[in-house]
Amino acid sequence: MEFYEVVRRRRSVRAYKPDPVEEEKLLRILEAARLAPSAANRQPWHFIVVRDPQKREQLRKAYDRDWFVKAPVIIVACADPTKAWRRRDGEEYWKVDVAIAMEHLVLAAANEGLGTCWIGAFDEKAVKEVLGIPEHIRVVAMTPLGYPAEEKGPVTDRKPLEEIVHYDGW
Ligand SMILES: Cc1cc2nc3c(=O)[nH]c(=O)nc-3n(C[C@H](O)[C@H](O)[C@H](O)COP(=O)(O)O)c2cc1C
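Bear in mind the structure is a predicted one, so any value in this text is a computation, not a measurement.

Q: Just to check I follow, could you spell out the overall build of the protein for this structure?
A: For the protein, the helix and strand inventory stands at seven helices and four strands. Expected size for 170 residues packed as a compact globule is a radius of gyration near 15 Å; at 17 Å, the protein falls within 12% of this value. Over its C-alpha atoms, taken along the principal directions, the protein stretches across nearly 50 × 40 × 30 Å. Burial statistics for the protein: of 170 residues in total, 30% are counted as buried. Counting contacts in the protein only where the partners sit at least 6 residues apart, residues at least 24 apart contribute 81% of the total.

Q: Would you mind going over the sheet that holds strand β4 (residues 138-146) with me for this structure?
A: Backbone hydrogen bonds are what pair the strands of a sheet, in a parallel or an antiparallel way. Here we have four strands laid out as an open sheet, ordered β1-β2-β4-β3, and antiparallel in their pairing. A single partner strand is all that each edge strand has here, and the edge strands are β1 (45-50) and β3 (115-116). Bridge count between β1 and strand β2 (residues 73-79): six bridges; the pairing is antiparallel. Note on β2: the bridge partner recorded for His46 is Cys78. Those strands touched by helix α5 (residues 94-111) are β1, β2, β3 and β4, and its axis lies near 5° from that of β4. Strands in contact with helix α6 (residues 124-131) are β1, β2 and β4; relative to β4, the strand with the most contacts, it is inclined by about 70°.

Q: Help me understand the environment of Cys78 in this model?
A: Summarising the element assignment, Cys78 is placed in strand β2. Along the sequence, Cys78 and Phe47 sit 31 residues apart, while their C-alpha atoms lie 6.1 Å from each other. Once residues within four sequence positions are removed from consideration, Cys78 is found in contact with Trp45, His46, Ile48, Ile133, Ile137, Arg138, Val139 and Val140.

Q: Help me understand the site of the ligand, please; the structure alone is not making it clear to me.
A: Around the ligand lies a shell formed by Arg11, Ser12, Cys117, Trp118, Ile119, Gly120, Ala121 and Val155. Taken together, the residues of the shell around the ligand sort by class into five nonpolar, two polar and one charged.

Cut-off values and rules
- Residues numbered from 1 in each chain as written.
- Predicted model: local features only at pLDDT ≥ 70, side-chain atom pairs only at ≥ 80, totals over all residues.
- Helix = DSSP H or I, 4+ residues; strand = E, 2+ residues; numbered from the N terminus.
- Rg over C-alpha atoms; globule rule 2.2 N^0.38 Å.
- Buried ≥ 20, exposed ≤ 12 C-beta atoms within 10 Å, placed from the backbone.
- Contact = placed C-beta atoms within 7 Å.
- Pairing = 2+ DSSP bridges.
- Axes fitted to C-alpha atoms, helices over the stretch in contact; angles between N-to-C directions.
- Near = placed C-beta within 6 Å.
- Nonpolar A, V, L, I, M, F, W, Y, C, P; charged D, E, K, R; others polar.

In structure tokens, the structure reads:
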């Protein structure tokens, strides 16, 4: 698909078909995340691919939605803050790095005809318990991944450019 078409067509999908995601598509999507830029190229990310139905069901403890746990795949994007770049004033960049990689993944999924939905409203402690994630690792985002079972039109409800773009100063 043409790039801007992918950007327009990507929507948050909250209904999935049970059909499995082909391995080659999954690998292409993960590869898109791997190629993302990161501060000082530290690549402080890890991605957990959850396909096991029991594990997905257990993730209900972290985000209790049927459409989330019933999607054939859930991807959990994590950061290792100990590996990430930090600005001189102490500002940490691991969340930015992982968010960029996650958006690469989300757009690649849309390009493959697959649906995703950024999940931010999860219980981090519960995700870490279910998936055995080490103490020092942070969970940044999750997304279900699968074939959409709902039709959504392209993105429309966004602020106009005039409201958000400033030229040569605020
Ligand atoms: C950082 C972030 C966190 C989000 N968290 C959730 C969430 O917890 N649950 C959910 O259903 N959608 C979540 N969303 C999806 C947004 O609601 C959605 O992107 C927004 O309403 C625009 O709709 P669209 O993605 O279909 O264009 C999140 C999106 C982002 C970027």
